[in-house]
Amino acid sequence: MRLLVLSCLGFVACDAAYPEAAPVDPSSESCGACHTREYAAWSESPHGRSSDSPVFRALVAEVRTTWGDATAKRCEGCHAPGHDGSDRIGCVTCHQALGNRGARDALLIVDPSAPIAAPHPPTGPTPHATRPGSFLASAELCATCHVLTGPEHFVESTWDEFLASPAAAAGLTCQSCHLPRSDGRADHGLVSVTPPWGRGEPLLTERREAAAALVGAALDLTLAQTDDGVVVRLANARGGHSVPTGATLVRELWVEVRGPHAAVARALSVVATMTADGVTVPLPTEADTVVVGALAPGEAVERALALTPPVEATLYLRPVRADMAEALGFDPDTPELAPIVVSRVTLAP
Ligand code: HEC
Ligand code: HEC
Ligand code: HEC
Ligand code: HEC
Ligand code: HEC
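Moving on to the coordination of the iron atom of ligand 3. Coordination sphere of the iron atom of ligand 3, protein contribution only: His-35 (NE2) and His-128 (NE2), at 2.0 Å. Every donor counted, the 6 donor atoms about the iron atom of ligand 3 form angles of 87 to 179° at the centre, which fits octahedral coordination. Here His-35, found in the loop between helix 2 (28-34) and helix 3 (36-43), pairs with His-128, found in the loop between strand 3 (116-118) and strand 4 (130-132); they are 93 residues apart in sequence, far enough to count as distant.

So this is what it looks like as structure tokens:
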């Protein structure tokens, strides 16, 4: 008991909700020794591999060269916060977060002496203290990192998009869609768009299918016949935020329309425009102007085409746009980066 008092004196956050210190090793591996299920899902998730992404690493190298070391450190501060002693977004980053100094720019307050935030009271004795997880369950936890106001062109507005969405009005949180409960327990796998680099099959195929299902769940792709031809339409009908959201600079979505005799490769395209002196460039570090390409919740794009049915429309997603991948030294058609077929519709004559 003496230990507990000492550790309380040593840290700012020491209130009645803290029955005792949390005597656990903060490394995610140590949590994983007991919480095998959460650890297994987290290890393959973008949080568990947040500094591993070769695309992230290659971009940070560009940032370091162009904008300097201090700016590159800001990237790493969010992608590799190191709360668990490694360069990942570890278990304690979320489970020992007490709050934030604003829901943006990674201003998270993490106390390594805090009891572990839990969604429900433990059913039996625990080797570490727990506390109620109201911040853990809140969208503000996620928003702390999922809103960037820089550096430079690195701007992400997922939280603001979410606040204005029907999903927020319906009382959903980020967790409702991204850490859904399976068998009553929060699924830490984070269905996502970023590929599981270097993990091989069958995980790669599984994750590409999951990404297609995730993105496809938000979007409606339709074809309609008119007097002059066909209209192809893509709508963000059910997204909890824009599509794509977050790293919109990196992603690319497009629709190809094909008939028996003609095809339009880019009938519709949702991608950021990056330019320097009005000329298109592949990297944000080269751009003076960036215009985000994304569909807000409820927003749609459409185009009339002089094609006669039968026609088929296919929606593709690239986790990393081809021009950027090439400029960073990747083959855009490597299995991790090849286009993912999200959905396909046909219109009969
Ligand atoms: C405030 C936190 C924060 C900062 C600072 C930040 N990012 Fe991110 N970054 C994120 C989040 C959150 C995502 C996930 C969004 C998504 O995947 O759509 C992300 C996604 C990415 C991705 C796509 C995922 C991948 O690994 O392929 C890249 C690349 C990336 N960031 C690069 C950078 C670079 C380079 C910088 C610095 C210039 C930077 N980020 C700064 C939070 C941050
Ligand atoms: C991105 C933040 C985040 C990270 C990182 C994270 N968790 Fe969680 N964890 C959550 C959230 C959110 C919940 C569910 C909260 C709720 O439903 O109210 C949760 C729930 C849990 C639960 C209770 C499961 C249940 O639903 O009954 C356990 C156990 C757990 N996490 C362990 C871990 C372990 C171990 C790690 C690291 C391997 C980890 N978490 C990493 C956010 C996170
Ligand atoms: C020595 C084993 C052990 C270690 C190490 C451990 N835990 Fe736990 N933890 C438990 C047990 C046992 C429970 C209670 C499980 C129950 O209620 O059925 C628990 C409960 C929890 C809960 C509450 C949810 C629940 O299932 O009741 C969370 C969240 C949690 N631990 C996260 C963590 C995190 C994060 C770490 C690493 C910093 C960690 N644990 C380290 C054994 C451990
Ligand atoms: C400490 C900062 C931080 C916190 C807190 C955080 N994230 Fe993230 N998140 C990131 C970063 C950085 C990435 C990008 C990792 C990568 O792929 O390079 C990311 C990636 C993701 C992705 C994958 C995006 C994609 O398609 O690749 C999802 C989904 C996600 N986070 C959801 C959440 C949710 C839900 C919460 C709250 C429970 C949360 N995050 C809390 C920083 C954070
Ligand atoms: C109604 C369900 C829903 C809610 C709520 C929701 N999302 Fe999403 N999220 C999705 C869907 C569907 C996608 C795939 C389409 C897309 O990219 O927007 C996605 C994709 C993402 C991605 C990867 C996007 C990309 O294209 O790289 C990130 C990061 C993300 N969500 C973070 C969040 C955060 C943070 C919150 C809370 C502020 C949140 N989401 C709330 C459904 C939801």
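More follows now that the structure is in view.
The next point concerns the coordination of the iron atom of ligand 1. When only protein atoms are considered, the iron atom of ligand 1 has one donor, His-79 (NE2), at a distance of 2.2 Å. As for its position among the elements, His-79 is in helix 5 (residues 69-79).

Moving on, we come to the nonpolar core. Counting 28 residues, the largest nonpolar core has Leu-219, Val-232, Leu-234, Val-255 and Val-257 as its most contacted members. Counting residues per element, the ones that place at least two in this core are helix 11 (203-218), strand 9 (219-225), strand 10 (230-236), strand 11 (252-258), strand 12 (263-271), strand 17 (311-318) and strand 18 (340-347). Ignoring anything within four residues of it in the chain, the contact list for Val-255 reads Leu-221, Val-232, Leu-234, Val-264, Ala-265, Arg-266, Ala-267, Leu-268, Ala-313, Thr-314 and Leu-315. Judged by nonpolar contacts, the second largest core, of 26 residues, contains Phe-56, Ala-58, Leu-148 and Val-281.

Before going further, it helps to spend a moment on the pairing of strand 10. Counting buried positions over the 7 residues of strand 10 gives 6, a clear majority of the element. Note: strand 9 against strand 10, 7 bridges, orientation antiparallel. For Leu-219, the partnering residue across the bridge sits in strand 10 and is Asn-236. In this antiparallel pair of consecutive strands, strand 9 and strand 10, the connection spans 4 residues, and Gly-229 shows a positive phi of 155°. When strand 10 meets strand 16 (residues 300-305), the two strands line up antiparallel, connected through 6 bridges. What sits directly across from Arg-233, in strand 16, is Glu-302.

Strands pair in a sheet through their backbones, by hydrogen bonds, and they do so in one of two ways: parallel or antiparallel. Across the sheet, 4 strands lie side by side as 12-11-17-18; this open sheet has antiparallel pairing. Only two strands of the sheet have a single neighbouring strand rather than two, namely strand 12 and strand 18. This sheet shows a mean twist of 20° between the axes of neighbouring strands, independent of strand direction. Where strand 17 meets strand 18, 7 bridges bridge the pair, whose relative direction is antiparallel. Paired with Leu-315 across the strands is Ser-343, a residue of strand 18.

This next bit is on helix 11. Under the 1.5 Å per step criterion, the end-to-end length of helix 11 is 23 Å for 16 residues, consistent within 8% with the ideal 22 Å. Along helix 11, the positions that sit buried rather than exposed are Leu-203, Leu-204, Arg-207, Arg-208, Ala-211, Ala-212, Val-215 and Ala-218.

Within a pair of aromatic rings, the relevant descriptors are the distance that separates the centres and the angle that separates the planes. Applying the stated criterion to the full structure yields 5 aromatic pairs. Relative to Phe-154, the ring of Trp-67 lies with its centre 6.2 Å away and its plane at 85°, an arrangement referred to as edge-to-face. Here the residue Trp-67 occupies a position in helix 4 (residues 54-67), and Phe-154 occupies one in the loop between strand 5 (147-149) and strand 6 (155-157), the gap between them amounting to 87 residues. Phe-154 sits in the buried class, given a relative accessible area of 19%.

Summed over the entire model, instances satisfying the criterion amount to 18 salt bridges. Across the salt bridge formed by Glu-76 and Arg-64, the nearest N and O atoms sit 3.3 Å from each other. Taken together, the positions of Glu-76 in helix 5 and Arg-64 in helix 4 put the pair 12 residues apart, joining distant regions of the chain. The exposure class of Glu-76 is partly exposed, given its relative accessible area of 28%. A relative accessible area of 34% means that Arg-64 is categorised as partly exposed. Across the pair Asp-333 and Arg-318 runs a salt bridge, and its minimum N-O distance is 3.1 Å. Taken together, the positions of Asp-333 in the loop between helix 12 (322-327) and strand 18 and Arg-318 in strand 17 put the pair 15 residues apart, joining distant regions of the chain. Judged by its relative accessible area of 8%, Arg-318 is buried. Connected via shared salt-bridge partners are Arg-49, Asp-52, Arg-57, Asp-87 and Arg-88.

Let us look at the site of ligand 1. What surrounds ligand 1 is a group of 22 residues, the closest being Ser-53, Cys-75, Cys-78, His-79 and Arg-251. Ala-247 places a main-chain nitrogen or oxygen 2.9 Å from an oxygen atom of ligand 1. Those elements giving two or more residues to the shell around ligand 1 turn out to be helix 4, helix 5 and helix 7 (139-146). A breakdown of the residues in the shell around ligand 1 according to their chemical character gives 12 nonpolar, 6 polar and 4 charged. Taken domain by domain, the makeup of the shell around ligand 1 includes at least three residues from each of domain 1 (18-120 + 128-186) and domain 2 (205-347).

What counts as what
- Sequence positions are assigned chain by chain, starting from 1 and proceeding in written order.
- Whichever chain is written first becomes A and whichever ligand is written first becomes 1, with later ones labelled in order.
- Reporting of local features is limited, given that this is a predicted model, to residues whose pLDDT is at least 70; pairs of side-chain atoms are given and counted only at 80 or more, and all residues count toward the totals for whole chains, interfaces and linings.
- Excluded from the side-chain calculation are hydrogens and water; included are all heavy atoms of the structure.
- Here the term donor refers to an N, O or S atom within 2.8 Å of the metal (or 3.2 Å for Na, K and Ca), and because water is left out of the atoms, sites may appear incomplete.
- Sites are called tetrahedral only when four donors show all angles between 85 and 135 degrees, square planar or octahedral only when four or six donors show opposite pairs over 155 degrees and all other angles between 65 and 115, and irregular in any remaining case.
- In this text, helices come from DSSP runs of H or I with a minimum length of four residues, and strands from runs of E with a minimum of two, each type numbered from the N-terminal end.
- Among the buried residues, those of types Ala, Val, Leu, Ile, Met, Phe, Trp, Tyr and Cys that are joined through side-chain atoms within 4.5 Å form a nonpolar core.
- For the exposure calls, accessible area comes from a 1.4 Å probe over protein chains only, and a residue counts as buried if that area is under 20% of its type's maximum, exposed if over 50%, partly exposed in between.
- Every residue pair with non-hydrogen atoms within 4.5 Å of one another is taken to be in contact.
- By the convention used here, strands pair only if DSSP detects at least 2 bridges between them.
- A fitted line through C-alpha atoms serves as each axis, taken over the contacting stretch for helices, and the angle formed by two N-to-C directions is quoted from 0 to 180°.
- Multiplying 1.5 Å by the residue count of a helix minus one yields the expected span of that helix.
- Note on aromatic contacts: the rings of Phe and Tyr and the six-membered ring of Trp form a pair at centre separations within 6.5 Å, being stacked when their planes are under 30 degrees apart, edge-to-face when over 60 apart, and tilted otherwise.
- Here, a salt bridge means any side-chain nitrogen of Lys or Arg that lies within 4 Å of a carboxyl oxygen of Asp or Glu.
- Being near a molecule or strand, for a residue, means having at least one of its heavy atoms within 4 Å of it.
- Polar contacts, as counted here, are pairs of nitrogen or oxygen atoms within 3.5 Å of one another; within protein the pair requires one atom able to donate a hydrogen and one able to accept it, and residues that are adjacent in sequence qualify only if both atoms are side-chain atoms.
- When residues are sorted by character, Ala, Val, Leu, Ile, Met, Phe, Trp, Tyr, Cys and Pro go into the nonpolar class, Asp, Glu, Lys and Arg into the charged class, and all the rest, Gly among them, into the polar class.
- Segmentation into domains, and thus their bounds, comes from an automatic or database assignment.

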